[in-house]
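One-letter residues, chain by chain:
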Amino acid sequence: MEVTERPARFDAFAADCPSRRLLDTIGDKWASLVIVALGLTGRMRYSELSARIAGVSQKMLTQTLRHLERDGLVSRTVTPSVPVRVDYELTPLGRSLLGIMRHLKEWAEEHMPEVDRARAEYDRR
């Protein structure tokens, strides 16, 4: 009888669950915007991402891209040239997350007036 290894089960509600680190990454506003930008546009250079995502600092964009690359969501391609060309794109794993992130972004844009009203009401109390 052959014994097959069962896939690990994760429970993000558990304090020691490693999936929390992934949620920390993809729950970041810059990461979600990078994922959506790359998903809608395709391959992009660093400068294009920086221009597309208004307000992100060079440091934050660099950190975000490194985290996404480390988690296997974004790939980085260096093309030797003068100057060196660096492109970023979603991996298949990153593309599997795109729909969720795009809908989350669209939900935030659509419901912002309601959230602004709720915040104003809360602040008046």
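Within an unreviewed UniProt entry, the label attached to the protein chain reads Helix-turn-helix domain-containing protein, and the organism entered is Amycolatopsis tucumanensis.

### Overview of the side chain of Asp-87
Looking at the element boundaries, Asp-87 is found in strand E3 (residues 85-90). Within the structure, the side chain of Asp-87 is placed 2.8 Å from the side chain of Arg-85, a separation counted as a polar contact. When sequence neighbours within four positions are dropped, the list of residues in contact with Asp-87 reads Arg-43, Met-44, Arg-45, Ser-75, Arg-76, Thr-77 and Thr-79.

### A few points about the UniProt feature "domain: HTH hxlR-type" (unreviewed entry) in the protein chain
In the numbering used here, UniProt assigns the "domain: HTH hxlR-type" (unreviewed entry) feature to residues 17-116. Structurally, residues 17-116 is divided into 66% helix and 14% strand, and its ends, taken at the C-alpha atoms, are 34 Å apart.

### Here's the deal with the pattern of salt bridges
Any two side chains of opposite charge can pair, given that their charged atoms come close. On inspection of all chains with the given rule, the structure shows 5 salt bridges. With a shortest N-O distance of 2.8 Å, Asp-87 and Arg-85 are connected by a salt bridge. Its relative accessible area of 3% is what places Asp-87 among the buried residues. The salt bridge partner of Glu-106 is Arg-102, with a shortest N-O separation of 3.3 Å. Note that Glu-106 and Arg-102 are positioned in helix H5 (residues 92-124) at a spacing of 4 residues, about one turn of the helix.

Each value, and the rule that gives it
- Position numbers for residues start from 1 in each chain and track the written sequence from start to end.
- Under the rules for a predicted model, residues below a pLDDT of 70 receive no local features and side-chain atom pairs below 80 are neither given nor counted, while totals for whole chains, interfaces and linings still include all residues.
- Each side-chain value is worked out from all heavy atoms of the structure, with water and hydrogens disregarded.
- Strands here are runs of E lasting at least two residues and helices are runs of H or I lasting at least four, both read from the DSSP assignment and numbered beginning at the N terminus.
- Polar contact is defined as a pair of N or O atoms within 3.5 Å, subject to the rule that within protein one atom must be able to donate a hydrogen and the other to accept it, and that residues adjacent in sequence are counted only when both atoms are side-chain atoms.
- Only heavy atoms matter for contacts: two residues are in contact if any of them lie within 4.5 Å across the pair.
- UniProt positions are given in the numbering used here, feature names are shortened, and annotations may be inferred rather than shown by experiment.
- By definition, a salt bridge exists where a carboxyl oxygen of Asp or Glu is found within 4 Å of a side-chain nitrogen of Lys or Arg.
- Burial classification: accessible surface area is computed with a 1.4 Å probe over protein chains only, and a residue below 20% of its type maximum counts as buried, one above 50% as exposed, and the rest as partly exposed.

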